[in-house]
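Descriptive structure summary
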Amino acid sequence: MSSILQKFLNGRKAFAGLIKAKFTGSRIPVRVNLLVTKFCNLSCFYCYAEDILNKKDVEEFSLESLKDIIDQAYDAGCRWINILGGEPLLRNDIEELIDYIHQKGMFIEMTTNGYFIKKRISALKKVDHLAISLDGNKETNDRARGENSFEKIIAGIECAVENGLKVRVHATLSKRTMAPESLKFLSDFCNRLNVSLNYSENGLPGIEEMDPDFLLSEDETLSFYKSYKGLKKSGHPIISSEVAVDYVEKWPLPGRTTIFKKDLKDVPKDSYYPCQLGRNQCFISADGNVYPCTKKWGEGLNAREVGFQKAWDNLADLDCVACKELGTIEQSLITGLQPKALVNAVSKFV
């Protein structure tokens, strides 16, 4: 079977799961973000795994325990695995893990820092979508991700593209990555390679104290997002859908990033999009904790101790309804089958 046809079939299975969740009202963990390791060869100061998980005495998942977790998630309805870390390609058994997920016919997404793409390229050809982290031009990237990391990441991206992988470049939104010189570099680079570009925010507590020149203010973030549609229309290879940016622009609670159930009486229904994290997707940390999103890190039950199904069921009564974070909104729109966002995603992800 051709790789293109296999990707289509895997994507169709994930799509079928999302349709079932939407039209039955069932909570189904169609997309699971699986942190297969806490270890990374880089030390990005803003990384949640670096700051939180690495401070804990966490026993790494064995290959067999990962397979068991994947089987449990599959039985619960998962058809889309996003492999994360740490740096997932550091695992010496990552090829076997990818093969196992691939054989189950699940859609495979992976986020990597790009260092080991050439070494793992054979296995990566079975990955349906690859997100590679790059934070701008050499000066900007190396300041955040480590000296001399820029050249290795660029080489990894180019290797992936040369081998026909579906790639997006993933940048962490900051004052430096949105600076004209970094934005221009990222845009020109992605356009040259015909790959997509997206930004994500960082909400790591205390990060502004570590580097006050890093985080954007609320007004700066909103201003950047307002320019997103113009950037996309002018040829920047932005992956975010216009409908997601529209939701950010009309966010109803200034000064607050989350809408809770108690706020609904004061919030117009058409001013936000209900978050789907914890409703049709979740994270499984390298320590086994199952949680809805990085903002609620550590609040769930541990799948190693109670099993995945019970840990998933524990997320059924979240107090939050929506948050003003573009990546979260985009994921919710896609997995919630919002038509415009879905069409945009199919064109970029598959």
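None of these values were measured; they are calculated from a predicted model.

1. A look at the overall build of the protein
From N to C terminus, the protein includes 15 helices and 10 strands. Classification of the 350 residues of the protein by burial places 57% in the buried group. With the model as given, the accessible surface of the protein reaches about 15,200 Å², and the carbon-plus-sulfur share is 52%.

2. What to know about unusual backbone geometry
A cis amide bond links Gly85 to the next residue, Gly86, at an omega of 20°. One can find Gly86 in the loop between β2 (80-84) and α4 (94-103). Within the chain, Asn194 stands out as a residue other than glycine whose phi angle is a positive 60°. Along the chain, Asn194 falls in the loop between α8 (180-193) and β6 (196-200). By relative accessible area, which is 72% here, Asn194 ends up exposed.

3. So, the pattern of salt bridges
Counted according to the given criterion, the structure contains 19 salt bridges. For Asp188, the salt bridge goes to Lys184, with nearest N and O atoms at 2.6 Å. Here Asp188 pairs with Lys184, and both are found in helix α8, just four residues apart, close to one helical turn. With relative accessibility at 51%, the residue Lys184 sits in the exposed group. One salt bridge in this structure joins Asp263 and Arg256, with 2.7 Å as the shortest N-O distance. Overall, the relative accessible area of 8% leaves Asp263 in the buried class. A single network of salt bridges, built from pairs that share partners, joins Arg31, Glu109 and Arg168.

4. Focus: the packing of helix α6 (residues 138-145) against helix α7 (residues 149-162)
For the pair α6 and α7, interaxial distance at closest approach is 8 Å and the crossing angle is 105°. Accordingly, the angle class assigned to the pair α6 and α7 is roughly perpendicular. For the pair α6 and α7, the contacting residues are Lys138, Asn141, Asp142 and Arg145 in the first and Ser149, Phe150, Glu151 and Ile153 in the second.

5. A closer look at the packing of helix α11 (residues 242-249) against helix α14 (residues 326-335)
Taken N-terminus to C-terminus, the directions of α11 and α14 make an angle of 130°; their axes are 9 Å apart at the nearest point. In this view, α11 runs oblique relative to α14, as classed from their interaxial angle. Between α11 and α14 the crossing geometry is right-handed. Contacts between α11 and α14 involve Val243, Ala244, Val245, Tyr247 and Val248 from the former and Leu326, Ile329, Glu330 and Leu333 from the latter. Grouping the constituent residues of the contact of α11 with α14 by class yields eight nonpolar, no polar and one charged.

6. Description of the sheet that holds strand β9 (residues 290-291)
Hydrogen bonding along the main chain pairs the strands of a sheet, whether they run parallel or antiparallel. With respect to topology, eight strands assemble into an open sheet ordered β6-β5-β4-β3-β2-β1-β8-β9, the strand pairing being mixed. The open sheet has two free edges, formed respectively by β6 and β9, since each of these has just one partner strand. Sheet strands in contact with α4 are β2 and β3 (107-112), and its direction is about 150° off that of β3. Contacting β5 (167-172) and β6, α8 crosses the sheet at an angle of about 145° to β6.

7. A few points about a nonpolar patch on the surface
Residues Phe15, Ile19 and Phe23 make up a contiguous nonpolar surface patch of about 300 Å² in total accessible area. One can find Phe23 in helix α1 (residues 3-24). Phe23 sits in the exposed class, given a relative accessible area of 64%.

8. Some remarks on the pairing of β3
For β3, a buried count of six out of six residues is recorded, marking the element as mostly surrounded by other parts of the structure. Here β3 shows two buried faces, one formed by Phe107, Glu109 and Thr111 and the other by Ile108, Met110 and Thr112. At this point the chain moves from β2, through α4, to the parallel β3, and the crossover so formed is right-handed. Sheet topology note: the β3/strand β4 (residues 129-133) ladder contains four bridges and is parallel. Counterpart to Thr111 in the pairing with β4 is Ala131.

Rules of the game
Residues numbered from 1 in each chain as written. Predicted model: local features only at pLDDT ≥ 70, side-chain atom pairs only at ≥ 80, totals over all residues. Heavy atoms only, no water. Helix = DSSP H or I, 4+ residues; strand = E, 2+ residues; numbered from the N terminus. Buried < 20%, exposed > 50% of the residue type's maximum accessible area, 1.4 Å probe, protein only. Areas by Shrake-Rupley, 256 points an atom, 1.4 Å probe, with all protein chains shown as cover. Salt bridge = Lys/Arg side-chain N within 4 Å of Asp/Glu carboxyl O. Axes fitted to C-alpha atoms, helices over the stretch in contact; angles between N-to-C directions. Parallel < 35°, antiparallel > 145°, perpendicular 65-115°, else oblique. Contact = heavy atoms within 4.5 Å. Left-handed = near helix turned anticlockwise from the far one by under 90°. Nonpolar A, V, L, I, M, F, W, Y, C, P; charged D, E, K, R; others polar. Pairing = 2+ DSSP bridges. Patch = residues over 30% accessible without salt bridge, like charges linked within 9 Å, V, L, I, M, F, W, Y side chains within 5 Å. Right-handed = clockwise from strand over helix to strand, strands pointing away.

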